[in-house]
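Structural overview for review
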2 protein chains.
Amino acid sequence: MSRLWKKYEEHMFKLSAYSMVLGTVSFDAHTVAPKAGADYRNERLAYLDGEFYSMATSDELLKLLEQLDQADDLTEEQHKIVKWHLKDLKRTKCLPKELYVEYSKLTMKAQQQWEIAKQTDNYQLFKPYLLEIIAKNKEMLKYLPGGEKGYDYYLDEYEPGMTMEKYDQFFNLIKEKLVPVIKEIAKKPQVDDAFNFLYYPVDKQRELAELIMKYIDFDFEGGMLSETEHPFTHPIQKNDVRITTHYYDHQLTSSIFSVIHEAGHANYNHSIRDDLADTYVFDNISSGMHESQSRLFENYLGRSYHFWDNLFEPMKKIFPEQLKGVDQKQFWRVINKAECSLIRTEADELTYPLHILIRYEMEKGIFDGSLDLENLDKIWDDKYEQYLGVRAEKPSQGILQDVHWSDGSFGYFPTYALGSGYASQFIKAMSRDLNIDECLANNDFKAIKKWLREKIHQYGGLNLPAEQMLIATGEPFDPNNYTDYLINKYSELYDL
Amino acid sequence: MSRLWKKYEEHMFKLSAYSMVLGTVSFDAHTVAPKAGADYRNERLAYLDGEFYSMATSDELLKLLEQLDQADDLTEEQHKIVKWHLKDLKRTKCLPKELYVEYSKLTMKAQQQWEIAKQTDNYQLFKPYLLEIIAKNKEMLKYLPGGEKGYDYYLDEYEPGMTMEKYDQFFNLIKEKLVPVIKEIAKKPQVDDAFNFLYYPVDKQRELAELIMKYIDFDFEGGMLSETEHPFTHPIQKNDVRITTHYYDHQLTSSIFSVIHEAGHANYNHSIRDDLADTYVFDNISSGMHESQSRLFENYLGRSYHFWDNLFEPMKKIFPEQLKGVDQKQFWRVINKAECSLIRTEADELTYPLHILIRYEMEKGIFDGSLDLENLDKIWDDKYEQYLGVRAEKPSQGILQDVHWSDGSFGYFPTYALGSGYASQFIKAMSRDLNIDECLANNDFKAIKKWLREKIHQYGGLNLPAEQMLIATGEPFDPNNYTDYLINKYSELYDL
């Protein structure tokens with residue numbers, strides 16, 4: 001092994017130690033930690049974030065990466081790893097440390113405040129933090145190379161290669177193709193989903209979650225499920241990938257699909273090749289690619305009829321009263337009920353990208369200065385009325401529904417729709433090699449996971465999204481796969 | 001504020017950031033973390049332990065503390081804090097960093113192995129780690145100032161001022177006074193405790209634990225209850241004190257008393273004065289003092305008749321079938337049933353100190369070289385036969401029952417018995433100011449907590465155990481209070 005590479009691995013070990021403890025403590029804070037300890041905890045996390053920043057952007061590491069970039073005894077993959085790392089380091093290094101630490105403190109506090117604001121349905125509690133986060137992001141752009149591009153900078157950060165121009169095209173296609181279908185469905189009779197809102201005790205839902213995770217072959221030895229206000233996945237290391245869900249005691253399907261969604265994310269990190277697992281590309285997968293895997297699990301598999309062949313009867317045993325008289329067909333129709341609604345994470349596949357479009361337009365407007373920041377909550381509601389014809393009665397159903405802005409994750413939302421699009425193309429390619437329905441019906445989820453591992457997961461974030469798409473499907477990404485899939489699926493469901 | 005003190009507080013802030021994350025990740029590892037991630041996690045924790053060691057023993061901090069020790073603008077309490085910190089720093093600084101890190105790695109691995117060994121009842125899995133821990137402790141003694149005193153060094157570390165000579169006297173009194181009582185009770189008819197071993201579903205036990213914690217006014221905002229193989233308390237900061245328990249589905253009382261015990265610990269850290277909470281004495285309370293508070297909660301209060309006045313009926317509502325026909329009197333007699341048994345944490349108050357005596361004698365023998373280290377498991381069983389007349393059938397009931405040695409905590413065990421002794425004197429003093437039974441009967445646990453806070457908890461580890469005893473009770477510690485209390489209590493229970 002190259003002497004320089006060995007030195008680099010030593011740096012990576014130290015950085016991974018810090019990110020491991022920071023990540024674990026943050027996960028702990030989101031799940032079980034006592035509330036009263038937040039200020040003490042956040043002050044110290046911010047300090048250690050600063051220590052991490054100093055190590056992660058040290059001149060020594062920069063020099064080492066530059067040497068490695070020029071070295072001739074690295075493998076092609078090692079060169080790729082160095083390239084990603086160097087690109088990110090150079091960006092981060094431009095931020096003054098004080099600003100970095102200040103921002104870290106701000107977002108920790110903001111997440112806390114967001115949670116309280118959402119629980120008490122009071123946007124005013126969160127608003128000053130959101131405005132401060134926006135201001136700080138604009139300030140940071142001034143330091144960052146390429147920051148003059150504004151929102152494009154963030155789009156590229158979450159999904160290398162993406163720009164407003166490309167997303168505009170993507171969303172225009174979606175509007176053009178899907179809005180007519182949504183309108184047509186609105187005239188059709190709807191399936192009866194009353195059973196979905198009966199009382200479902202949380203401990204029974206936990207039982208169901210475990211059942212589903214077993215069916216999809218979740219790695220319990222190297223992973224776990226916990227509970228939070230907003231579900232997420234946290235990959236700490238290959239053998240410690242954590243997912244969370246949120247149980248509502250009067251809604252059956254919400255936690256089902258958040259569990260499947262997050263398990264899709266977890267499966268990505270669990271399936272990275274061992275020799276890449278401790279490298280920079282373990283935790284630096286593009287958001288679009290990551291979301292493609294969670295959305296693929298959640299929608300393309302989880303909402304398919306045959307996914308439930310082995311789960312529907314066991315689920316009825318857990319909820320015999322609530323599901324009395326419901327058959328698999330009705331259940332399948334309910335989990336695919338298309339209707340304009342308020343909550344993104346509960347939305348059906350068809351209307352989902354419009355939820356994303358709203359956030360995308362708002363983020364664009366926040367960064368080009370065209371939005372009135374004093375009235376973001378109202379603008380949110382107006383856009384829902386415009387695109388989906390529904391209006392939130394309280395902010396927890398409107399601007400407070402998502403955690404992302406409290407974390408400063410501008411540019412993330414569009415990757416949900418893009419990832420859903422990627423997933424359609426992956427499914428199309430997978431169908432050439434596998435009979436997916438048969439795998440599901442035969443309780444052979446492993447075969448599906450094997451295909452995904454070989455074509456996608458094993459590489460982690462080694463490849464650019466466009467390269468990864470070519471490797472897995474042999475073709476560049478074509479969003480028509482996405483709209484075609486949705487139109488076909490919903491035409492069948494609603495007899496259009 | 002003194003300029004030097006301010007500088008000291010800055011050091012303390014940094015150290016507290018490291019100990020917070022190390023502590024939280026360790027708690028996470030003991031409770032929820034996926035098993036497969038242990039090696040990755042432990043390697044990195046050991047590295048950060050080393051970083052912490054370097055900061056905690058830096059020449060700069062040593063010099064600063066020495067200056068503070070001589071400074072004339074500190075309060076008396078500040079001087080005490082500096083004194084404790086300086087004493088510990090000087091000790092720790094004598095250990096080579098490599099040895100410190102190696103030992104940290106070893107104990108993390110050993111705790112993992114202990115857990116597996118206990119679960120699979122295979123002492124051989126743990127034995128090599130235990131022997132290595134013993135060897136490393138002997139090696140470390142060579143570096144430590146006062147290390148030539150052997151086991152006395154560790155006794156003083158856990159309970160400043162204690163020595164084998166003093167503990168010998170203490171345990172001799174216990175043997176002399178209590179063994180005859182134990183023998184007499186063995187001839188008496190026993191209470192029927194069959195109900196205690198019926199099926200008690202874990203989720204119902206969780207409900208009961210919460211009920212008990214509410215009754216004793218546990219601070220849920222700044223604390224929490226979790227689950228582990230071996231119950232413990234982890235004080236991360238004043239507003240984040242965590243306790244754990246272990247539920248057995250065929251034993252009612254085990255988790256009840258572990259919850260009360262650990263809540264007694266937690267209450268100590270929760271009640272430290274605000275201006276002392278972020279200082280060195282928050283987490284540096286002598287083990288004897290800390291155990292005095294857990295044992296006081298568990299036994300002197302939790303096993304008293306009136307503790308159950310407000311809990312017995314609610315508990316029967318949770319377990320109506322299992323507790324059918326059981327009244328408070330019978331329950332009280334069962335939780336005070338005295339009999340020679342194998343498991344320390346399940347032992348009654350009367351035989352408990354003999355469990356400790358066995359461990360104390362073994363630790364003495366380990367460090368003076370008189371024990372055959374190859375046969376510690378057999379020696380353990382022999383001593384149980386000698387002192388308690390019972391012999392373990394499997395190592396999980398013998399040498400594997402306690403976590404402490406896997407953590408290298410030699411010198412800790414005797415503080416359980418000593419702490420129980422302290423507690424008797426605290427209760428005697430408290431009884432002069434309060435009618436304890438009345439407080440319990442009137443659901444006024446707050447009054448008891450207030451007394452403890454004023455007399456003991458507020459100071460944290462500011463005072464030497466002997467000083468603390470004088471402050472709280474006005475008298476030096478007299479172990480006769482302990483034996484008198486036990487003899488009186490059990491004479492009444494068994495009509496001696």
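Here's a quick rundown of the structure. Keep in mind that this is a model prediction, so the values were computed, not measured.

Contacts between the two partners involve 36 residues from chain B and, on the opposite side, 36 residues from chain A. The largest contributions to the chain B side of the interface with chain A come from Pro34, Tyr40 and Tyr47 of chain B, which together make up 18% of the buried area. Where chain B packs against chain A, one counts four salt bridges. The partner of aspartate 240 of chain B in a salt bridge is arginine 41 of chain A, with the nearest N and O atoms 3.3 Å apart. Where chain B packs against chain A, one counts 15 residue pairs in polar contact (both at pLDDT 80 or more). Going through the elements one at a time, helix H1 (3-31), helix H2 (38-56), strand S1 (223-227), strand S2 (233-237) and strand S3 (240-245) of chain B are the ones with two or more residues in the side of chain B that touches chain A. Classifying every residue of the side of chain B that touches chain A gives 17 nonpolar, seven polar and 12 charged.

It is worth spelling out the nonpolar core at this point. Among the nonpolar cores identified, the biggest contains 330 residues, and Phe307 and Trp308 of chain A together with Phe307 and Trp308 of chain B are the most heavily contacted of them. Once residues within four sequence positions are removed from consideration, tryptophan 308 of chain B is found in contact with Ile212, Ile256, Phe257, Gly302, Met315, Gln328, Phe331 and Ile335 of chain B.

Residue and element names in this part refer to chain A. The strand order across the open sheet formed by three strands is S1-S3-S2, and the pairing between neighbours is mixed. Each having just a single partner strand, strand S1 (223-227) and strand S2 (233-237) make up the two edges of the open sheet. Taken pair by pair, the neighbouring strands of this sheet meet at an average axis angle of 20 degrees, ignoring direction. Relative to strand S3 (residues 240-245), S2 runs antiparallel, the two being bridged by four bridges. Bridging from a neighbouring strand, threonine 233 pairs with isoleucine 243 of S3. Against the sheet, helix H10 (residues 253-270) touches S1, S2 and S3, its axis set at about 165 degrees to S3.

Taken as rigid bodies, chain B and chain A are interconverted by a rotation of 180 degrees and an axial shift of 0.0 Å, the fit giving an RMSD of 0.0 Å. Such a turn and shift between the copies fits a two-fold axis. In this assembly the copies share their binding face: 100% of the residues contributing to the interface of chain B also contribute to that of chain A.

This part covers the packing of H1 of chain B against helix H3 (residues 59-70) of chain B. All names here are of chain B. Following both chains from N to C, one finds H1 and H3 inclined at 140 degrees, their axes separated by 10 Å at the closest point. Taken together, the axes of H1 and H3 are oblique relative to one another. For the pair H1 and H3, the sense of crossing is left-handed. Taken together, the residues of H3 that come into contact with H1 (itself represented by Leu4, Trp5, Lys7, Tyr8, His11 and Leu15) are Glu60, Leu61, Leu64, Leu65, Gln67 and Leu68. Considered class by class, the residues forming the contact of H1 with H3 number eight nonpolar, two polar and two charged.

As a further point, take the packing of aromatic side chains. According to the stated counting rule, one finds 74 aromatic pairs over all chains in the structure shown. Centre to centre, the rings of tryptophan 380 of chain A and tyrosine 384 of chain A are 5.8 Å apart; their planes meet at 20 degrees, and the pair counts as stacked. Here tryptophan 380 of chain A pairs with tyrosine 384 of chain A, and both are found in helix H16 (residues 376-388), just four residues apart, close to one helical turn. Residue tryptophan 380 of chain A shares its accessibility class with tyrosine 384 of chain A, and that shared class is buried. With a centroid separation of 5.6 Å and 45 degrees between ring planes, the pair formed by phenylalanine 312 of chain B and phenylalanine 331 of chain B is classed as tilted. Within this pair, whereas phenylalanine 312 of chain B is found in helix H13 (residues 312-318), its partner phenylalanine 331 of chain B is found in helix H14 (residues 328-334), the two being separated by 19 residues in sequence.

Rules and cut-offs
- Residues numbered from 1 in each chain as written.
- Chains lettered and ligands numbered in written order.
- Predicted model: local features only at pLDDT ≥ 70, side-chain atom pairs only at ≥ 80, totals over all residues.
- Heavy atoms only, no water.
- Contact = heavy atoms within 4.5 Å.
- Buried area = accessible area lost by both parts, 1.4 Å probe.
- Salt bridge = Lys/Arg side-chain N within 4 Å of Asp/Glu carboxyl O.
- Polar contact = N/O pair within 3.5 Å; in protein donor to acceptor, adjacent residues only side chain to side chain.
- Helix = DSSP H or I, 4+ residues; strand = E, 2+ residues; numbered from the N terminus.
- Nonpolar A, V, L, I, M, F, W, Y, C, P; charged D, E, K, R; others polar.
- Core = buried A, V, L, I, M, F, W, Y, C linked by side-chain atoms within 4.5 Å.
- Buried < 20%, exposed > 50% of the residue type's maximum accessible area, 1.4 Å probe, protein only.
- Pairing = 2+ DSSP bridges.
- Axes fitted to C-alpha atoms, helices over the stretch in contact; angles between N-to-C directions.
- Least-squares fit on C-alpha atoms with pLDDT ≥ 70 in both.
- Parallel < 35°, antiparallel > 145°, perpendicular 65-115°, else oblique.
- Left-handed = near helix turned anticlockwise from the far one by under 90°.
- Phe/Tyr/Trp six-rings, centres within 6.5 Å; stacked < 30°, edge-to-face > 60°.

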